Amino acid sequence: MAKVIPGIEKAKLAKQPPTEGELFLLNYLEEYFDPDAEVYFQPCFNGERPDVVVIKKGVGVIIVEVKDWGLASYNVDIKNQWHLAKNNALLKSPFAQAFSYKKNLFEVHTNGLLDKSMASETFYGLIKVYVYFHNATKSEFSAFYEPALCELRNELDTNQKSYREHKIGYESYEKKRLYLANRKKQLERDVGSLAVTRDSLKKIAFAGGKKNPQFEDGVYAELMRLLQPPFHYANEGKPILYTKPQARLSESVEGARAKVCGVAGSGKTSVLAKRAVSAHKRHGEPVLILTFNLTLRMFIRDKISEVREDFSWGAFHILNYHKFMGAALSGAGIDVKIPEGLVDAAAYLEEHYYSNEAVLDNYVAGRYKTILIDEAQDYKPEWQRIIRKHFLSEEGEMVLFADEKQNIYERAVDEEKRANIISGFGRWQRLSKSFRYNQNSPVLRLSVAFQEWFLSEKYTFDGDESYQQTAFLPGIGVSAVGTWSAARLLEVAEVIIATAKREGIHPNDITIVSSREDVLREIDIAIRKGPRHQERTITSFASKEDVEIVRAKKLGRAEEKKALRQLSSSRKQGFNLNSGVMKLSTLHSFKGFESPTVFVIVNEQDGPELLYTGLTRAKENIVVLLPEGSRYSDFFAEYLDPMNPLERRIGQGCLPEWG
């Protein structure tokens with residue numbers, strides 16, 4: 001007897017109780033399935049809710065999509081696309097839906113799964129997917145697919161006949177044969193292997209059905225963490241003293257519309273976290289927290305964990321905009337497709353799906369009573385309107401947090417020189433005191449001066465209440481500027497290690513940021529496998545080894561780019577600020593985070609907003625490395641100590657020096 005979580009009787013009392021088909025399947029699994037397996041009903045995978053997930057330690061995972069559909073209302077074509085019979089409207093295939101849960105499980109939610117699947121093709125098969133059709137028998141489902149299979153068989157015969165009669169050449173024949181054979185294979189797979197009916201429930205089984213050493217304990221533990229979010233107790237939080245403005249903005253209010261701006265380190269994310277908990281305590285329902293960067297999910301979760309309240313982790317759906325919209329489009333049955341041969345696929349997706357305010361007009365989405373958006377300056381007005389229109393309940397609250405000087409995507413600003421927020425959110429409410437720095441911080445002095453020098457004409461200048469120029473004491477912490485080049489990245493890695501040793505800085509307190517992944521990738525491997533040192537790291541991008549594994553597969557250009565994007569997405573999702581090791585991240589991915597010591601590797605094309613974002617990530621120590629002849633050289637020469645040229649240190653075994 002398998003264990004069902006939550007229990008079946010408890011599931012019946014949920015806000016969205018199980019359908020007849022889901023209830024039938026849960027009862028079957030509880031009574032007849034593997035007694036060592038655990039069955040989760042609609043677990044919350046950060047906003048996605050697969051119907052049933054079954055897991056067994058050391059064996060594998062099963063994902064089941066449940067459909068109570070009457071097959072007479074649908075048909076399927078030779079492309080394996082589902083349609084409504086009454087108007088031929090295109091629907092997302094339930095099999096595609098099941099595979100999207102599996103795909104997202106690898107790419108988004110579970111750090112390390114994608115890496116393992118890239119290294120071993122059999123590992124991907126440890127997660128099985130099925131679709132259970134409650135109102136169909138095995139023979140009825142086979143008959144449902146038979147017209148499409150018959151059409152494919154006829155086309156295969158016609159193609160072969162045309163070749164025998166010399167009406168087409170071999171290349172044309174073979175190309176069409178492979179296409180039709182692949183379509184036929186997909187249809188037969190769905191009918192024979194993936195579709196489950198009331199008289200074929202025994203088909204549901206783990207891959208191999210026995211222990212598999214690839215499904216190691218670490219993977220199981222990570223999946224269990226996601227499937228069964230723990231309860232957070234008040235004594236797990238930190239005693240935080242909020243200022244009056246922070247405390248006021250941390251209180252959830254029904255129907256509120258607000259926009260909050262603040263200087264770097266002013267506690268915007270802490271306020272968001274506190275407000276999220278306050279909202280859940282107020283109405284008892286899930287809170288949607290949206291970011292732009294994938295990496296910020298873990299950081300926001302850390303901030304929520306600091307709140308001294310009791311709550312379930314399942315109450316917070318923390319996603320970035322595009323992943324959230326992807327799940328919504330999938331749930332609406334909208335098949336996101338890119339025309340073949342399109343040059344700018346990203347622009348097409350943006351126009352037709354992510355920024356299309358009408359794309360969800362025919363979809364009744366689940367709505368939230370509280371929606372909080374972090375880094376709102378990165379959000380297009382269209383995105384803001386889509387979220388408010390389709391996902392906010394009638395009396396729901398929606399609050400946006402922004403710092404326009406971190407406008408690294410160069411979105412438009414409003415007449416107040418602040419982030420361009422859609423109407424209806426009132427006046428800006430400002431947090432003007434930074435808690436990231438002490439009064440004597442060289443980083444605070446630097447960030448204020450950088451604003452005045454490069455950003456004050458374009459954006460509203462935010463002086464910091466905690467900054468007093470007369471109180472600045474030189475020589476506190478590390479604040480230096482040097483140069484770098486692409487030919488000397490091993491030297492950059494050695495300078496970073498030597499600085500850490502000289503200053504006694506723990507690896508967990510060091511972050512290296514740049515706008516270029518290729519530069520960071522070389523520095524990363526030099527730190528991990530250099531001739532003088534081997535330090536562990538964590539990155540927000542695919543490592544050099546990742547790239548080599550993908551390229552060894554000799555994929556096409558488009559497939560290779562897709563595989564690397566998937567790996568980077570997985571790295572971003574697993575990026576942990578307190579991993580105990582040195583961190584390397586793109587500036588785009590590290591926005592919103594902070595680190596005691598930051599090495600900023602500047603590229604000449606970096607705009608001032610991007611560079612300001614990098615500078616303000618540091619809490620105590622800042623080292624800026626510029627290309628020779630940089631347009632930023634004069635500024636940093638005035639405000640930072642000069643670092644000795646790197647080449648003077650290399651080969652001599654001495655530590656870097658400055659001023």
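Above this note sits the structure.
Residue positions are given per chain, counted from 1 along the sequence in the order it is written. The predicted nature of this model means local features are confined to residues of pLDDT at least 70 and side-chain atom pairs, given and counted, to a pLDDT of 80 or more, with totals for whole chains, interfaces and linings taken over all residues. Excluded from the side-chain calculations are hydrogens and water; all other atoms, namely the structure's heavy atoms, are used.

A. The overall build of the protein chain, seen in detail. Think of it this way: any DSSP run of H or I at least four residues long counts as a helix, any run of E at least two long counts as a strand, and we number them from the N terminus. Regarding its fold elements, the protein chain presents 22 helices and 24 strands. Relative accessible area decides the class of each residue, using a 1.4 Å probe on protein chains only: under 20% of the type maximum gives buried, over 50% gives exposed, and in between gives partly exposed. Every one of the 659 residues in the protein chain was classed for burial, and the buried ones make up 55%. Relative to all contacts within the protein chain whose residues are 6 or more apart in sequence, the contacts with residues 24 or more apart total 76%. Residue exposure ignores everything except the shown protein chains as possible cover, and the areas themselves are Shrake-Rupley values with a 1.4 Å probe. With an accessible surface of roughly 29300 Å², the protein chain has 49% of that area assigned to carbon and sulfur atoms. The contact rule is simple, with two residues in contact once any of their heavy atoms fall within 4.5 Å.

B. Main features of the sheet that holds strand β12 (residues 287-291). Whether two strands pair depends on DSSP finding at least two bridges between them. A sheet is described by the order of its strands in space; here 6 strands give the open sequence β14-β12-β15-β16-β11-β17, paired in parallel fashion. The open sheet has two edge strands with one neighbour each: β14 (316-320) and β17 (428-431). Direction aside, neighbouring strands of the sheet carry axes that sit 20° apart on average. Note: β12 against strand β15 (residues 368-373), 3 bridges, orientation parallel. Looking at β15, one finds that leucine 290 is bridged to isoleucine 373. Under this scheme, a helix contributes an axis fitted over its contacting stretch, all axes are lines through C-alpha atoms, and angles between N-to-C directions fall in the 0 to 180 degree range.

C. View of helix α6 (residues 138-164). An ideal rise of 1.5 Å per residue puts 39 Å on 27 residues; α6 measures up with 37 Å between its terminal C-alpha atoms. The complete set of buried residues in α6 reads Phe141, Phe144, Tyr145, Ala148, Leu149, Leu152, Leu156, Asn159 and Ser162. With its phi angle positive at about 60°, histidine 166 sits one or two positions after the end of α6. Working rule for helices: expected span equals 1.5 Å times residues minus one.

D. Quick peek at the environment of lysine 274. Within the secondary structure, lysine 274 is located in helix α10 (residues 268-283). Through-space distance from the C-alpha of lysine 274 to that of serine 250 is 5.4 Å; in sequence the pair is 24 residues apart. Leaving out residues up to four positions away in the same chain, lysine 274 has contacts with Tyr242, Ser250, Val307 and Glu309.

E. Spatial organisation of the pairing of strand β16 (residues 392-402). Counting buried positions along β16 yields 9 of 11 residues, so the element is predominantly enclosed. Where strand β11 (residues 257-262) and β16 come together, 5 bridges link them in parallel fashion. By the bridge assignment, valine 260 is partnered in β16 with phenylalanine 401. Of the strand pairs in this sheet, β15 and β16 are connected by 5 bridges, and their pairing is parallel. The residue of β16 that forms the bridge with isoleucine 373 is leucine 400. Orient the strands so they point away from the viewer, and a crossover whose first-strand-to-second-strand path over the helix runs clockwise is right-handed. After leaving β15, the chain enters helix α14 (residues 381-391) and then returns to the sheet as β16, a path that is right-handed.

F. Spatial organisation of the environment of glycine 21. Structurally, glycine 21 can be placed in helix α2 (residues 20-32). Distance in space between the C-alpha atoms of glycine 21 and valine 66 is 6.6 Å, their sequence separation being 45 residues. Those residues within four positions of glycine 21 in sequence are excluded, and the remaining contacts are Val66, Asp68, Tyr132 and His134.

G. The sheet that holds strand β7 (residues 90-91), seen in detail. Strand order across the open sheet formed by 3 strands is β5-β6-β7, with antiparallel pairing between neighbours. Where the open sheet ends on each side, the last strands, each with one partner, are β5 (74-76) and β7. Its contacts with the sheet place α6 against β5 and β6 (82-84), and it is angled at close to 50° to β5.

H. Just a positive patch on the surface, in detail. Here, patches come from residues exposed beyond 30% relative accessible area and free of salt bridges, joined within 9 Å for like charges and within 5 Å for nonpolar side chains (Val, Leu, Ile, Met, Phe, Trp, Tyr). Think of a salt bridge as a Lys or Arg side-chain nitrogen and an Asp or Glu carboxyl oxygen that are within 4 Å of each other. Counting rule for charge: Lys and Arg are taken as positive, Asp and Glu as negative, and neither His nor the chain ends is counted. Charge positions come from single atoms, namely NZ of Lys, CZ of Arg, CG of Asp or CD of Glu. A contiguous patch of positive charge on the surface is contributed by Arg557, Lys561, Lys562 and Arg565. For lysine 562, the position within the fold is in helix α19 (residues 557-573).

I. The packing of aromatic side chains, seen in detail. Centre distance within 6.5 Å is the pairing criterion for rings of Phe, Tyr and Trp, where only the six-membered ring of Trp is used; planes under 30 degrees apart are then read as stacked, over 60 as edge-to-face, and the remainder as tilted. Enumeration according to the criterion identifies 40 aromatic pairs in this entry. Pairing phenylalanine 95 with phenylalanine 133 gives two aromatic rings, centres 5.9 Å apart and planes at 50°, and the pair type is tilted. Pair noted here: phenylalanine 95 is in helix α3 (residues 94-109) and phenylalanine 133 is in strand β8 (residues 127-133), with a separation of 38 residues, a long-range link. Residue phenylalanine 133 is classed as buried on the basis of its relative accessible area of 0%. With centroids separated by 4.6 Å and ring planes inclined at 15°, the aromatic side chains of tyrosine 163 and tyrosine 173 adopt a geometry described as stacked. Note that tyrosine 163 is positioned in helix α6 and tyrosine 173 in helix α7 (residues 170-194), a separation of 10 residues in sequence. Since its relative accessible area comes to 12%, tyrosine 173 is described here as buried.

J. Local environment of the pattern of salt bridges. For the coordinates displayed, the defined rule picks out 30 salt bridges. A salt bridge links arginine 551 to glutamate 560; its shortest N-O distance comes to 3.5 Å. Several salt bridges share partner residues, and in doing so they unite Asp524, Arg528, Lys529 and Glu545 into one network.

K. The pairing of β8, seen in detail. The buried count for β8 comes to 6 of 7 residues, which makes it a mostly enclosed element. Pairing of strand β4 (residues 60-67) with β8 involves 7 bridges; the strand directions are parallel. Bridge pairing in β8 links valine 61 to isoleucine 127. The sheet contact formed by β8 and strand β9 (residues 195-197) spans 3 bridges and is parallel. When the bridges of β9 are listed, phenylalanine 133 appears paired with threonine 197.

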